[in-house]
Amino acid sequence: MARTALITGITGQDGAYLAEYLVKQGYVVHGIKRRSSSFNTDRIDHLYQDPHTENRNLILHYGDMTDSLNLTRIIADVRPDEIYNLAAQSHVKVSFDTPEYTANVDGLGALRILEAVRMLGRVSKTRVYQASTSELYGLVQEVPQNEKTPFYPRSPYAVAKLYAYWIAVNYREAYGMHVSNGILFNHESPVRGETFVTRKITRAVSKIVLSNQRELYLGNLSAKRDWGHAKDYVRAMHLILQQDKPSDYVIATGVTTSVREFVRLAFAAVGVEVSFRGEGLEEEAVVTAVDKEVFCRKVSSEAYDKFVKRVGEKVVGVDSNYFRPTEVDLLIGDPAKSQTVLGWKPEYDLHALVEDMMSGDIKLMKKEDYLLKGGHRVLNYFE
Ligand code: NAP
Ligand code: GDD
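Computed from a predicted structure; not experimentally measured. (Residues numbered from 1 in each chain as written. Chains lettered and ligands numbered in written order. Predicted model: local features only at pLDDT ≥ 70, side-chain atom pairs only at ≥ 80, totals over all residues. Heavy atoms only, no water.)

A. A look at the site of ligand 1. Thr11, Arg34, Ser90, Tyr157 and Lys161 are the nearest of the 25 residues found near ligand 1. Its free accessible area being 900 Å², ligand 1 has 89% of it covered by the protein chains. Elements represented by at least two residues in the shell around ligand 1 include exactly helix 1 (13-24), helix 4 (99-119), strand 5 (127-133) and helix 5 (156-175). Looking at which element gives the most residues to the shell around ligand 1, the answer is strand 5, with three residues. (Near = heavy atom within 4 Å. Areas by Shrake-Rupley, 256 points an atom, 1.4 Å probe, with all protein chains shown as cover. Helix = DSSP H or I, 4+ residues; strand = E, 2+ residues; numbered from the N terminus.)

B. Representation of the nonpolar core in the model. Ile201, Val209, Phe267, Val272 and Phe295 are the most contacted members of the largest nonpolar core, which has 40 residues in total. Secondary-structure elements contributing two or more residues to this core are helix 6 (197-209), strand 8 (216-218), helix 8 (259-268), strand 13 (272-277), strand 14 (284-290), helix 10 (301-307), strand 15 (314-318) and helix 12 (350-374). With eight residues, the top contributor of residues to this core is helix 12. With near-sequence residues (within four places) excluded, phenylalanine 295 lies in contact with Val209, Val270, Val272, Val290, Ser300, Ala303, Tyr304 and Phe307. With 31 residues, the next largest nonpolar core counts Ala131, Tyr233, Met237 and Trp344 among its residues. (Core = buried A, V, L, I, M, F, W, Y, C linked by side-chain atoms within 4.5 Å. Buried < 20%, exposed > 50% of the residue type's maximum accessible area, 1.4 Å probe, protein only. Contact = heavy atoms within 4.5 Å.)

C. Representation of the packing of helix 4 against helix 5 within the structure. Axis separation between helix 4 and helix 5 bottoms out at 8 Å; the angle between their running directions is 15 degrees. Comparing the axis directions of helix 4 and helix 5 gives the class roughly parallel. Judged by the twist between their axes, the crossing of helix 4 over helix 5 is right-handed. Seen from helix 4, the contacting residues are Pro99, Thr102, Ala103, Asp106, Gly107, Leu108, Ala110, Leu111, Leu114, Glu115 and Arg118; seen from helix 5, they are Pro156, Tyr157, Ala160, Lys161, Tyr163, Ala164, Ile167, Ala168, Tyr171 and Tyr175. Its residues placed into classes, the contact of helix 4 with helix 5 shows 15 nonpolar, two polar and four charged. (Axes fitted to C-alpha atoms, helices over the stretch in contact; angles between N-to-C directions. Parallel < 35°, antiparallel > 145°, perpendicular 65-115°, else oblique. Left-handed = near helix turned anticlockwise from the far one by under 90°. Nonpolar A, V, L, I, M, F, W, Y, C, P; charged D, E, K, R; others polar.)

D. Main features of the packing of aromatic side chains. Scanning the model with the defined rule gives ten aromatic pairs in all. Between tyrosine 165 and tryptophan 166 the ring centres are 5.0 Å apart and the planes differ by 85 degrees, which places this aromatic pair in the edge-to-face class. Seen in terms of ring centroids, phenylalanine 295 and phenylalanine 307 are 5.6 Å apart; in terms of plane orientation they differ by 10 degrees. Their pairing is stacked. Taken together, the residues phenylalanine 295 in helix 9 (residues 292-298) and phenylalanine 307 in helix 10 connect sequence positions twelve residues apart. In this pair, the class of phenylalanine 295 matches that of phenylalanine 307, namely buried. Clustering of aromatic rings is evident, with ring pairs tying together Tyr137, Phe151, Tyr165, Trp166 and Phe185. (Phe/Tyr/Trp six-rings, centres within 6.5 Å; stacked < 30°, edge-to-face > 60°.)

E. Inspection of the packing of helix 2 (residues 68-78) against helix 4 at higher detail. Contact geometry for helix 2 and helix 4: axes closest at 9 Å, N-to-C directions at 50 degrees. It follows from the interaxial angle that helix 2 and helix 4 lie oblique. In this structure, helix 2 meets helix 4 at a crossing whose hand is right-handed. In contact with Ser68, Leu71, Thr72 and Ile75 of helix 2, helix 4 contributes Arg112, Ile113, Ala116, Val117 and Met119. Looking at side-chain class alone, the contact of helix 2 with helix 4 contains six nonpolar, two polar and one charged residues.

Structure, rendered in structure tokens:
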């Protein structure tokens, strides 16, 4: 019998990669998607199967993390072996604008899943993965951060996730449930949400080199993150639920990089050298050189003729609107436990991640430009 997994947040970055991974492993995958006025399944369209197909291995259900009746009914119908609770209002800056909603979805949402499993008598039948986060470390108390580092959340998002973390631990201890927290550090990909900083950068750099945008504005360029690839991180989620005993694991690369350096690497990936000058709100990046061979190979020779005229010009500036009321300055994880116990090792390093994101966005921006001219907006990110 094929194993059955239920993924909340299947339409998000991680949900899409995890669904693809589990389908390949032979699972029947059920996912919860929100009702939306426009299509929100771009990231999983390549896995979609018509409801009339026999023996489908991807089945979607309408639902919402704020609706416990609906979540309970879906779990009762699906009877999953494994639940991956990935759904969340996952944007840290947005959580300052929508703190109550974020608490409801990210904090109480986790409780709704756990309580449904318990009420339905599935404690020994369903394993649960809770999407915990390095944002829990916030104002870091130790460098690097491991499973024993004390938490100090710095946003409504992180505080909501703190509740979810501890309610998962509590259900494990109180009811003997197989519930585990993956404390995942930042992970990115070509399908990362467009307003997270890495994707904002790779999209904008792609548009700038294609001469479709002049400048990119960012917030805190000095923030440092431990960035990995989402493809590697969903493998870790699966491994966590395959362990005999539930536990909590840090998933990270152990390397930290500033936003400023990520900008430099994104331009460098297409042969453009930028240098930063000035400080604070006056800081900016200007183009200092363009490597013709790399640029023509990675972008195009038509684009080169236009872009090369921008040497000496500003391409990145700072806008205080992107600052956060309380910031997380530095995250760097210690993945020793996940490497030893799970045998998990990432395949992508930062350079490979930037390459993957830049080549995806150059392709997408060329196509977006073409499609916009043709009057269409539908893009398949996985093409
Ligand atoms: P994401 O791309 O923002 O995806 C979030 C998913 O949750 C989407 O499918 C979204 O649906 C869904 N969702 C949001 N609100 C919902 C609600 N009220 N009811 C049902 N579904 C809802 O996030 P991600 O990067 O894949 O991250 C997955 C999980 O890991 C999140 O819990 C996040 O907080 C956590 N995490 C992420 C990272 C990271 O670096 N990516 C690191 C640590 C932890 P729509 O598509 O309709 O918006
Ligand atoms: N989004 C954004 N936009 N961030 C910016 C910008 C900007 O214009 N300029 C600078 N930054 C800085 C932020 O202040 C932050 O310090 C850093 O870039 C990373 O921001 P995000 O990419 O938005 O990610 P995050 O670290 O806040 O949160 C992500 O990672 C968490 C794991 O540590 C999200 O995926 C969370 O859901 C996840 O839990």
